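Each chain is listed here by its residues.
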Amino acid sequence: MYRHRKAPDSTQELLVALGRLVDQALENIRLQQARAELGMALQRHMLPSDLPDFPGIRLAARYAPSQDGLAVGGDFYDAFPMRDGVAGMAIGDVQGHGVEAAAFMGEARASLRALASVTGDPGEVLTCANDLLISLGCDLFTTCCLLSFVPGSGDLGIARAGHVPMVWGTDTGDSGVSVDDGGVPLGILPGQSYPVVHRRLTQPGYLVLVTDGVVEGPAYPIEEGLAEVARLVGAGRGVGPDVLASRVIRVADRTGHNDDAAVLVVRHDGPPDTR
């Protein structure tokens, strides 16, 4: 007859230690999931639920989360009135992930909106937003591209703070990447100036702003990603901004992105004499 043999104390201690490690690992997973859920809730709350329409333009946006469901990012887009009836459209990408990045995204977006109410110059808005974000004492920073559009005249201003270039296209099938001078990301160096590139939109078409998660990833260098977006924009030929935004966000799937991805499409009718 066999009797149950008591395990040596050292074996029992090892099993107890392993059990504690498993419990700690499960608790860490639960905490990480809770932080991710909080970050995603913050992000959803801080992104606009609707985008306004301005005279002569219509807007649409798309957002795709990171393929790592726990890596909540700080990509954002927005549209708001600026001073003197100018329409403002912005997109940005906060460095890092998690609750802190989502919170900083909200601060950046609120700063842009507040400053746009006192000036219609996108370069001035970025300059003041940069100093304001630095004054908050946070270690994060954000890239940003801000457009100003004057309804009725077709005048466009472009200011960039370390962000991916804008893609443009017309209903005639022309398209390209607007590689213009910009400045450093917001929140790094005080006292920065951000040059504004001025264009006049003379025919109907699109302006497309993206974050780097759309056009850059393990499968695509950024040049190829931007070229693919430009091809889609050139083939738009009058489709609604929602349709084009849905097409552009799918580029992120081809790049194998492991970052958040955001798209903001501006459909413009051109000046009154071209409608």
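Structure: above.
Residues numbered from 1 in each chain as written. Predicted model: local features only at pLDDT ≥ 70, side-chain atom pairs only at ≥ 80, totals over all residues. Heavy atoms only, no water.

Asker: Tell me about the environment of S178, residues and numbers included.
Answerer: Relative to the helices and strands, S178 is located in strand β7 (residues 175–178). Sequence-wise, S178 and V197 are 19 residues apart; in three dimensions their C-alpha atoms are separated by 9.7 Å. Look past the residues within four positions of S178 in its chain and what remains in contact with it is I158, P165, M166, W168 and R199. Among the polar contacts listed, one links the side chain of S178 to the side chain of D180, at a separation of 2.4 Å. (Helix = DSSP H or I, 4+ residues; strand = E, 2+ residues; numbered from the N terminus. Contact = heavy atoms within 4.5 Å. Polar contact = N/O pair within 3.5 Å; in protein donor to acceptor, adjacent residues only side chain to side chain.)

Asker: With reference to specific residues and values, describe the packing of helix α5 (residues 222–234) against helix α6 (residues 241–249).
Answerer: Two numbers describe how α5 lies on α6: the axes approach to 10 Å, and their chain directions differ by 155°. With respect to each other, α5 and α6 are oriented roughly antiparallel. You can see that α5 and α6 cross each other, and the crossing is right-handed. Facing V229, L232 and V233 of α5, the residues of α6 in contact are L244, R247 and V248. Here the contact of α5 with α6 is built from residues that sort into five nonpolar, no polar and one charged. (Axes fitted to C-alpha atoms, helices over the stretch in contact; angles between N-to-C directions. Parallel < 35°, antiparallel > 145°, perpendicular 65-115°, else oblique. Left-handed = near helix turned anticlockwise from the far one by under 90°. Nonpolar A, V, L, I, M, F, W, Y, C, P; charged D, E, K, R; others polar.)

Asker: Can you explain the nonpolar core? Please cite residues and give values.
Answerer: Grouped together as the largest cluster of nonpolar side chains are 47 residues, with contacts concentrated most on M89, L112, L126, L147 and L186. The greatest single-element share of this core, amounting to seven residues, is contributed by helix α2 (residues 99–116). Among all residues touching L186, those that are not within four sequence positions of it are L126, A129, N130, L133, F141, T142, C144, A161 and Y194. Judged by nonpolar contacts, the second largest core, of 24 residues, contains A60, V214, V215 and A261. (Core = buried A, V, L, I, M, F, W, Y, C linked by side-chain atoms within 4.5 Å. Buried < 20%, exposed > 50% of the residue type's maximum accessible area, 1.4 Å probe, protein only.)

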